[in-house]
Amino acid sequence: MSDSEKPKKRQLIQPRTLKGFRDYLPETMIPREQLIQTAREVYRSFGFGPIDTPTLEYLEILTGKGSEETDRQLYKFQDHGGRDVGMRFDLTVPLARFVAQHINELGTPFKRYHIAPVWRGENTQRGRYREFMQCDFDTIGTLSVAADIETGLVINALLSAIGFERFTIHLNNRQVLNGLLQKEGLEEQATPVLRSLDKLAKIGEDKVIQEMMATAGTTEAQARNVLAMAALEGTNEEILTQLQPIIAGNELGEQGVERLGKILSGMQAGGVPAERIKLDVSIARGLDYYTGAIFETFLDDLPGIGSVCSGGRYDNLAELYSKRQLPGIGASLGLDRLLAAMEELDMLAKVKTPADVLVTYFDKGALEKYLEIAASLRAVGLKVEVFPEPKKLGQQLKYADTRGFGYAVIAGEDELASNTLQVKDLATGESTAFPIESAATELAEVMKKAVQP
RNA sequence: GUGGCUGUAGCUCAGUUGGUUAGAGCACUGGAUUGUGGUUCCAGGGGUCGGGGGUUCGAAUCCCCUUAGCCACCCCA
């Protein structure tokens, strides 16, 4: 073969994903889907209904309230018709547009959940990607404290259903903060002051004071007064009592404290253990648009990972798109953060298959028998895979073991001749013989017992 | 977007002052007289050293650019 006849090495395209974008393998996708399913069920159990909106919106919809930061992170381009479009960077702005457009058919109060990916072209870091899932729930069109309370109840139900017992829902009311700022004459600088305050847990008291003086132009006394309130300690009731004199004389603040008390007792009446709720006057969330209750949720065993479920109340969701004032309250489950936490706390089963049972393909001539067996197992609700090749039994068992199957069904000449199946528990290695007719129901029984002993 | 660190097989890494055909463990595929895995033994496949350019007789090793990851800042609607 001369050089010219040698097959040239094909120029391959390097397989890779964009910065901040990820592939999900079955072993990460399985717990991910489980988590989403749990969230869905909890949202539905409170009467929230599903919605979806387009990935792409007119650019003006997304940049409506835009800061420079927003613009910088927004994925935007011109579509084939020359329209300026952008990819949604959260689910709240699309909700605002959606509500402005449909509120007359929807009526109020309107409760929806929305689980969908969003895109932000920000710099990546651990746990921060450019494409990620948001799991929002919101109640639109009511100012009632009942909706505030329910938000707390949903957060509690969510984390409980996912399997957490030790977590703390931090609760605050922006009205209290705003009341104090009014009292201190800092209304104008509310945003930078609260942004600094939000960093209290992270950078400490002295630095927060320095930052407030530098970026918000407060006096040291003003900064200290704001911090004094944020530093209150004690039981929730004690904090409420201490707040009253601090805020006294400011109507907004007084209302805010009263409302906090109602949310607190309401959440407990709704079944949230008192020790899971913590009044935390320091949390502000960096968001300008929160006007009332604010929630942040921390895992007691992994507080460093940050809030895994956050949200709050806003006065006027759709102000940019509608003349109708639509107040609302909602929160968002931090799916990726939560999954990272669960992995770190070893709460995720390491499984590469969603199936429970592998039917081994043992006897070359008995494929149709195996297909029948698999069908009968599926009929009682089991997830079943038939191995596609009549390979050596040891290899098939190894396959089942490494993927995380719970059981293997083995049926060779001997079993088929006696009309039985051998069901092997892969965790213990024990085999049981079942009559072929009743094997499906008996195995289903066994598995049910294994799940709830 | 700014600054710092890093990038060798699917994964975790080794690779001496730049010097022949780049290694290990795990994982993967197959085998150990043809019906039982998660512990053994043997064999095998897999890398143009993230990509491109430069210096050099010679580059995984030095220089530049680029790309990706991590960390900090920023921000977190």
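Chains are numbered independently. Their residues run from 1 in the order of the written sequence. Chain letters and ligand numbers both follow the written order, the letters beginning at A and the numbers at 1. Only residues with pLDDT of 70 or above have their local features reported here, since the model is predicted, and side-chain atom pairs are shown and tallied only from 80 upward, although totals for entire chains, interfaces and linings are computed over all residues. Heavy atoms from the whole structure form the basis of all side-chain values; hydrogens and water molecules are not counted.

Undergrad: Could you give me a rundown of the nonpolar core, with the residues and numbers involved?
TA: As used in this record, nonpolar core signifies buried Ala, Val, Leu, Ile, Met, Phe, Trp, Tyr and Cys residues forming a set joined through side-chain atoms within 4.5 Å. Each residue is assigned to one of three classes by its accessible area relative to the maximum for its type, calculated with a 1.4 Å probe on protein chains only: buried under 20%, partly exposed between the two thresholds, exposed over 50%. Counting residues in each nonpolar core, the largest one holds 71 residues, and the members touching the most others are Tyr43 and Leu338. Contacts are residue-level and defined by heavy atoms, with any inter-residue pair within 4.5 Å sufficient. Dropping the residues within four chain positions of it, Tyr43 is found in contact with Phe48, Tyr113, Ile115, Cys135, Asp136, Phe137, Val154, Leu158 and Leu333.

Undergrad: Tell me what's going on with the side chain of Ser322, and back it up with residues and numbers.
TA: Within the secondary structure, Ser322 sits in the loop between β10 (309–314) and β11 (328–333). Here a polar contact means two N or O atoms within 3.5 Å. Within protein one must be a hydrogen donor candidate and the other an acceptor candidate, and residues neighboring in sequence count only if both atoms are side-chain atoms. A distance of 3.0 Å separates the side chain of Ser322 from the backbone nitrogen of Arg324, its partner in a polar contact. Counting from the N terminus, the helices are the DSSP runs of H or I reaching at least four residues and the strands are the DSSP runs of E reaching at least two.

Undergrad: I'd love a proper account of the packing of helix α6 (residues 174–184) against helix α10 (residues 220–230), names of residues and values included.
TA: Here the axes come from fitting lines to C-alpha atoms, over the contacting stretch only for helices, and the angles between their N-to-C directions go from 0 to 180 degrees. Look at α6 against α10: their axes get within 11 Å of each other, and the N-to-C directions meet at 155°. As judged from the angle between their axes, α6 and α10 are roughly antiparallel. As for the relative orientation of α6 and α10, their crossing is right-handed in sense. Across from Val176, Leu177, Leu180, Leu181 and Glu184 in α6, the residues of α10 making contact are Gln222, Asn225, Val226 and Met229. Throughout, the ten residues Ala, Val, Leu, Ile, Met, Phe, Trp, Tyr, Cys and Pro are labelled nonpolar, Asp, Glu, Lys and Arg are labelled charged, and all others, Gly among them, are labelled polar. Here the residues of the contact of α6 with α10 are counted per class, giving six nonpolar, two polar and one charged. Should an angle fall under 35 degrees it is taken as roughly parallel, and over 145 as roughly antiparallel, whereas 65 to 115 is taken as roughly perpendicular and any remaining angle as oblique. When the near helix sits turned anticlockwise from the far one by under a right angle, the crossing is termed left-handed; a clockwise turn instead gives a right-handed crossing.

Undergrad: Account for the pairing of β11, naming residues and giving values.
TA: Counting buried positions over the six residues of β11 gives six, a clear majority of the element. We treat two strands as partners when DSSP finds at least two bridges between them. Pairing of strand β6 (residues 131–140) with β11, which is carried by six bridges, proceeds in the antiparallel orientation. Looking at β11, one finds that Asp136 is bridged to Ser332. Summarising the sheet, β10 and β11 pair through six bridges and their orientation is antiparallel.

Undergrad: Give a detailed account of the environment of Glu211, specifying residues and quantitative values.
TA: You can see Glu211 is positioned in helix α9 (residues 205–216). C-alpha separation for the pair Glu211 and Thr53, spaced 158 residues apart in sequence, amounts to 39 Å. Setting aside chain neighbours within four positions, we find Glu211 in contact with Ser196, Lys199, Ile203 and Ala216.

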